[in-house]
Amino acid sequence: MRPVYVAAAAVHPFGKHPEVKAADLGYAAVRDLFARTGIAPGQVDVGFGGSTYGGSLLAQRVLQRVGVSGQPVYTVENACASGAAAVHLGWQAVATGQADCVVAFGAENLTGFGGGTLPLTTGDIEIEQGMVMPAAYAMRAQRYLHDFGAPPEALSAVSVKNRRNGAANPRAHFQRAVSPAEVAASRPIADPLRLLHCCPNSDGAAAVLLCSAELAAQLPTAAVRIRASVVRSGRFHTGYRDMTWPDITERTAKAAYAMAGLEPSDVDTVELHDAFAIAELLHAEALGLADRGQAHKAVTAGEFDRDGKVAVSPSGGLLSRGHPVGATGATQICEAYWQLTGQAGPLQVPGAQVALTHVTGGGIFGVDNGACAVHILTTD
């Protein structure tokens, strides 16, 4: 396996764009990527595009508009991990020597669903009985608060931190800080979750250029190395499931740390899957950023702030940046790239040299989540 580099990143700002189709959002991000690097369409060896609701052949529809036509192109669907899975497949292509230049992107338009919970897989026994994502995370939150004696205010601390971070992010869906009182006063969704404990349905897109060391040296943009790229699926079983321990995140992270030769203590900045406030606590523990049952204390103490022990979701995360499902994993890579190249502006984590991205999703019977992706990027 040879080294793989991210040599450029581009994001179409997240938000409500009802008039812009997923393919148009993806095109805007990929076009920006080409402009930043100056690469020609013929230099692209393969393309991967992630989307959950974007329709058939989304990647082909996007890439042919920038002139990538005739090369192998793949449209990837892997629930919330779709964009990250596209990056993972691009990483594989470069790492194994099958490609020197890869475009990987994610794009989604959720405005068309008109709000509310997203439609999930049909024909699933749990989903047919009403297991939508807010309900699942509410159960996880109830169990976590009960088992570890965490106060409900710890959930609000996550929302306040991430909305504060997102207020400085020009790419974020929400760019306004909120107070604990505002979170507590927002309308109930599924006890103990309130509206401001939940991410919005967003529209947006993100794209990255993955390449070999040789090509990275020829480009005008800075490059960072992908030290680990791991995707795992949920382990199926029909018995008891621990609602407070995302096993899929733990397994994926352990494999990524081993691949990178790093430990959780080496990580400077993290973009994780905080689709609901409780998710940051659960996944932070599974990623090794806090001991079991202690993440609620860490976030309250400021350990996850931009200038804390480890910066968790300095971009604002899904709670503030938004969650256009297929684009989320790709935009996490973009945010990590800008952090490691010192281009994060007001979001910059001082001295960031190691970044981790994590996304997981897909509610189906018998597993905690359907797919999970973890990437670790470094400045060398």
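Our structure's up above, just so we're on the same page.
Residues numbered from 1 in each chain as written. Predicted model: local features only at pLDDT ≥ 70, side-chain atom pairs only at ≥ 80, totals over all residues. Heavy atoms only, no water.

**Describing the overall build of the protein chain**
Right, on to step 1. Helix and strand content of the protein chain: 13 helices and 12 strands.
Right, on to step 2. Taking 2.2 N^0.38 as the reference for a compact globule, 380 residues should give roughly 21 Å; the C-alpha atoms of the protein chain span a radius of gyration of 19 Å, in line with that estimate.
Right, on to step 3. Projected onto the principal axes, the alpha-carbon positions of the protein chain cover approximately 55 × 45 × 40 Å.
Right, on to step 4. Sorting the 380 residues of the protein chain into buried and exposed places 60% on the buried side.
Right, on to step 5. Restricting the contact set of the protein chain to residue pairs at least 6 apart, pairs at least 24 apart contribute 78%.
Right, on to step 6. In the form shown here, the protein chain has an accessible surface area of approximately 14000 Å², with 52% of it arising from carbon and sulfur atoms.
Right, on to step 7. If the 28 positive side-chain charges of the protein chain are averaged to one point and the 33 negative ones to another, these points end up 2 Å apart. (Helix = DSSP H or I, 4+ residues; strand = E, 2+ residues; numbered from the N terminus. Rg over C-alpha atoms; globule rule 2.2 N^0.38 Å. Buried < 20%, exposed > 50% of the residue type's maximum accessible area, 1.4 Å probe, protein only. Contact = heavy atoms within 4.5 Å. Areas by Shrake-Rupley, 256 points an atom, 1.4 Å probe, with all protein chains shown as cover. Lys, Arg positive; Asp, Glu negative; His and termini not counted. Charge placed at Lys NZ, Arg CZ, Asp CG, Glu CD.)

**Details of helix α6 (residues 153–166)**
Right, on to step 1. An ideal rise of 1.5 Å per residue puts 20 Å on 14 residues; α6 measures up with 20 Å between its terminal C-alpha atoms.
Right, on to step 2. Where burial is concerned, most of α6 is hidden: 11 out of the 14 residues are buried.
Right, on to step 3. Listing the buried residues of α6 in full gives A154, L155, S156, V158, S159, V160, K161, N162, R163, N165 and G166. (Expected span 1.5 Å × (residues − 1).)

**Side note on the pairing of strand β8 (residues 224–233)**
Right, on to step 1. Across 2 bridges, strand β1 (residues 5–15) lies against β8 in antiparallel orientation. When the bridges of β8 are listed, V6 appears paired with V224.
Right, on to step 2. Summarising the sheet, β8 and strand β12 (residues 371–378) pair through 8 bridges and their orientation is antiparallel. The residue bridging S233 from the neighbouring strand is A371, located in β12. (Pairing = 2+ DSSP bridges.)

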